[in-house]
Amino acid sequence: MVIINPDTNRDICSWLVHVKLSRIVTLVLAILILTPLITHFYLSKVERNSYYIEHSGHSHEDLPEDYHSQADLLANVEELRRIRGSVLSELRDIERKRRQYKTEIQTYAKNIEELKSELAHQQTILNRLKISVEQAQVAQREALQQNTPELALPKKLTPNALPPILPAISKQLSKRCRMHNCFDHSRCSLTSGFPVYLYDPDQYPVMHDGWDIDGFLKTTLKQTLGYNPHLTDDPKQACIFLVLVGEALKDTDDVSENVGNHLNLPPLDAEALRRLPYWGGDGRNHVLLNLARRDLMSAAGDVFSEVDTGRAILVQSTFTYDLFRPGFDLIISPVLGPPGGDVWQECNPMLPARRRYLLSFQGEMKKQKTASISPFDNNNTELERFILDHLVQLSKTTTSDKFLFEFECNPASDNNLNNGYEDWALCGTDSSRRTVLKDSTFVLIFAPGQENLISTTLLQARVYEALRSGTIPVVLGGDQINLAYDEVLQWKRAAIYLPRPRITELHFLLRAIPDEDVLLMRRQGRLIWERYLASVQSTLDTIVAVLRDRLNIPASAAETVIATSVFNETFQPIQVSVASEVEQEESLGPLEPPFDSAAYRRNYSLSLVQGSEIWNDWGDPFRLYPTLPMDPLLSSDAKFIGSGRGFRPIGQGQGGSGKEFSEALGGNSPREQFTVLLLTYEREQVLLDSIARLRGLPYLNSVIVVWNSPRLPSPELRWPDIGAPVHVIKAARNSLNNRFLPLENLKTEAILSVDDDAHLRHDEILFGFRVWREHRDRIVGFPGRYHAWDLNTKNGWLYNSNYSCELSMVLTGAAFLHRHYLYLYWKWLPQAIRDKVDEYMNCEDIAMNFLVSHVTRKPPVKVTSRWTFRCPGCPQSLSEDDTHFQERHKCINFFTQVFGYTPLLNTQYRADSILFKTRIPHDKQKCFKFI
């Protein structure tokens, strides 16, 4: 142990304190200088010893002793160098192995991701198979639980012999004829197709000498009936036999001395009727057509009053209560229009609702063989005079409403009627009367002066002219008369009936009708006129359809277009496999084999043949009977009958629980598929890419490609195999109207109309399909557009494609619609509209929107937030032309002129799925409300 004296420590500290700073600095410098010199000397000595050993060959033992310590140091250095090299080598090996292991880890990670993707893929397939199995089980249970068997249409059953000769019946029995006791139902089976035979009026004349049938009617009748699918040239198969007996005109070429006697006879020759080869003795199943046209006041107005017609059905415009047999004879309108074709040019616009005159009347009461102008000569003379005085006083009252009443013709018409009846004669010419009617909101129509008249040709002509001009008929004494086809048409939806004693309420009644109802009645009236009264063809087709409806015989199937493939029978297109799209997060639905929509099995139901009822805007059914072959609403493949204010699919009346509804695709049908209808023109690669994107699309039945180009596709094209049939149909010519061809191979009710450059995801298509199934009568699609009034010129409508909260059209370049509308587009839409589409090579989508909105009075339904649907990088389309929008402006205004109004309806409704989680821009959030 060392003991330090504290005094010594104090001395040292005292000394250090008193040492000068210069001495300390000098000492430190000496240490810093001497230390490197000594180190250098030592290292130099070691290096010289190493050099000496290496070059002199002496060992360490021969060296001096100071050299042995240096050799040990060198050995240590060498050992350190060796260790360093070994460590570096091991580090390199370790780095190489690390990289190798990293590569292997990446490979294993990639394999794991692939296995996860494959697992998800297999899981999706498994889910789809589970859904398919569940649907198959549901279908099996439905088949087992079905109480009624599925009946196929029996073979066509028609008679094969001429009607046998039976004894004639008395005229008294003839007046009691009805369908059950004067009609031979055995010749008209349910599956006969209702064959109709026409006697050639030139070969079988039925007029007395001195009379002849209007030549125009002869020619037109044979021509227009030739388009009717029920016409047959085999009398053995006929259900009914048509005989043209008028319009009967005086034969001015007969100059014999007995011409006076000829003119005293009725025009119709009863003996000539009995000589008809298929009259059968009593005229059963014969229909006598007396079609008034030129001479509305002649004796030809009623040619049956003094003739024994047996059991034949009478069809004309003039009837008395004694002559008319309800449910047997048929009241029609005079055929004042053209033979057929478009008649829209004859009509006036439906707007404005209120016209210059609130009410008008032009006419003069005429009697046979008298110069008296007294308008009435019956027990109600005082009432009729009061009516005229009240109307005259009404026209003189100071109100904002204007009236036009003319009870005497100026210039005066013929003083006498030649048919023996009291009635109001027409004043002026057709052109002058039309000028007044187009300025009248309502037109007064008097019932005939004789109470025993149920209808007259002049009265029916007034109704015809009123509806043609868009004027609403007000029938005074409507409880006395029957209008044309009143057994099938609800005239109260287009005309106003007012008893004579309530004439003082007339002004109040007309003013109480709002403008909206005026437009609705005007629209219904124009529909009646266009479909059933406007032309010779519509009149004849309606007559045949009403008679067929009486017998509860279903109509013929709707006409379809033959689907001619662009490939010949021996050519097999090249098919290639394509990769499926990226798997969705959830199963969109099962991939099922194609199955057609449920067909009408003809298990007979009166609701399917009693006439389709399209509910009008009054909320009551307005019965539309067909003017075949133009109207398919009673056709065997039509799936719509009236329901609410639109259509409903037949055979879906059982309903279902909420659970079944939620597990189904949507709507009330548990299983359904759709057909993709593509229109293309010389864009092969774009088309093939679009078809390839449909691979794996659930609920896809088939793909129909309408090849619009005259140049056929190259046989070297490699068509993608998408797991569903692809049919390429050759179009007769290049036309955008071909987008809506009612092809025979369209087997589903749902049609997805798409452009060849449309780019839609599977989930978007499936969502649109779900929405359509709950709005089957509408167009349901993606790109929305709207029309707007031109505020600058105030002279028409403008087409607008700007993104807006409002829309009135959905473009059919990406939209679902019912197959029924394809037929209406070609068979019901006026030809002028399709001609305009061909002229501009544009606007076919606007035309379809006009059609659907006109039929349903509903706007389309837009789905999702997408406003564009073109594929990126596709070649330029027609819509990118500079004149595209100008032509669409013109189309809307022209279509408005054809329809008489603009049927497009605006809506702010849009269907979105919450699964899309759509991001709505701030400037559009005000457009939507989430419920």
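Caption draft 1: Here's a closer look at the state of the cysteines. In the structure shown here, the tally under the stated rule is four disulfides. Note that Cys177 is cross-linked by a disulfide to Cys182, the S-S spacing being 1.9 Å. For the disulfide bridge between Cys177 and Cys182, the dihedral angle about the S-S bond is near -75°, and by the sign convention the bridge is left-handed. Taking relative accessible area as the criterion, Cys182 reaches 4% and is therefore assigned buried. The partner cysteine of Cys843 in its disulfide is Cys891, sulfur to sulfur 2.0 Å. Because the torsion about its S-S bond is 85°, the bridge between Cys843 and Cys891 counts as right-handed. Taken together, the positions of Cys843 in the loop between helix H20 (831-840) and helix H21 (844-856) and Cys891 in helix H22 (residues 884-899) put the pair 48 residues apart, joining distant regions of the chain. The pair Cys843 / Cys891 is uniform in exposure class, with both members buried.

Caption draft 2: Highlighting the sheet that holds strand E8 (residues 330-331). Taken in spatial order, the five strands line up as E1-E3-E5-E6-E8 in an open sheet, and their pairing is parallel. Each edge of the sheet is formed by a strand with only one pairing partner; in this case those strands are strand E1 (196-198) and E8. Across two bridges, the pairing between strand E6 (residues 313-316) and E8 is parallel. When the bridges of E8 are listed, Gln316 appears paired with Ile331.

Caption draft 3: Summary view of helix H13 (residues 515-533). In a regular helix each residue adds 1.5 Å, so 19 residues correspond to 27 Å; H13 covers 25 Å between its end C-alpha atoms and thus fits that length. Among the 19 residues in H13, 14 count as buried, and that is most of the element.

Caption draft 4: The packing of aromatic side chains, seen in detail. Within the structure shown, the criterion is met by 31 aromatic pairs. Between the aromatic rings of Phe769 and Phe816, the centroid separation amounts to 5.6 Å while the plane-to-plane angle is 25°, which identifies the pairing as stacked. With a gap of 47 residues between them, Phe769 in helix H18 (residues 762-773) and Phe816 in strand E31 (residues 814-818) connect regions that are remote in the sequence. Judged by its relative accessible area of 0%, Phe769 falls in the buried class. Among the aromatic residues, those joined into a ring-pair cluster are Phe361, Phe403, Phe405, Phe407, Trp424 and Phe446. Residue placement shows Lys836 over the ring face of Phe894; its charged tip is 4.5 Å from the ring centre. One Lys or Arg, Arg888, reaches over the ring of Tyr799 and ends 4.4 Å from the middle of that ring.

Reading the values: rules and limits
Residues numbered from 1 in each chain as written. Predicted model: local features only at pLDDT ≥ 70, side-chain atom pairs only at ≥ 80, totals over all residues. Heavy atoms only, no water. Disulfide = S-S within 2.5 Å. Buried < 20%, exposed > 50% of the residue type's maximum accessible area, 1.4 Å probe, protein only. Helix = DSSP H or I, 4+ residues; strand = E, 2+ residues; numbered from the N terminus. Pairing = 2+ DSSP bridges. Expected span 1.5 Å × (residues − 1). Phe/Tyr/Trp six-rings, centres within 6.5 Å; stacked < 30°, edge-to-face > 60°. Lys NZ or Arg CZ within 6 Å of the ring centre and 35° of its normal.

Geometric values such as these leave the question of function open.
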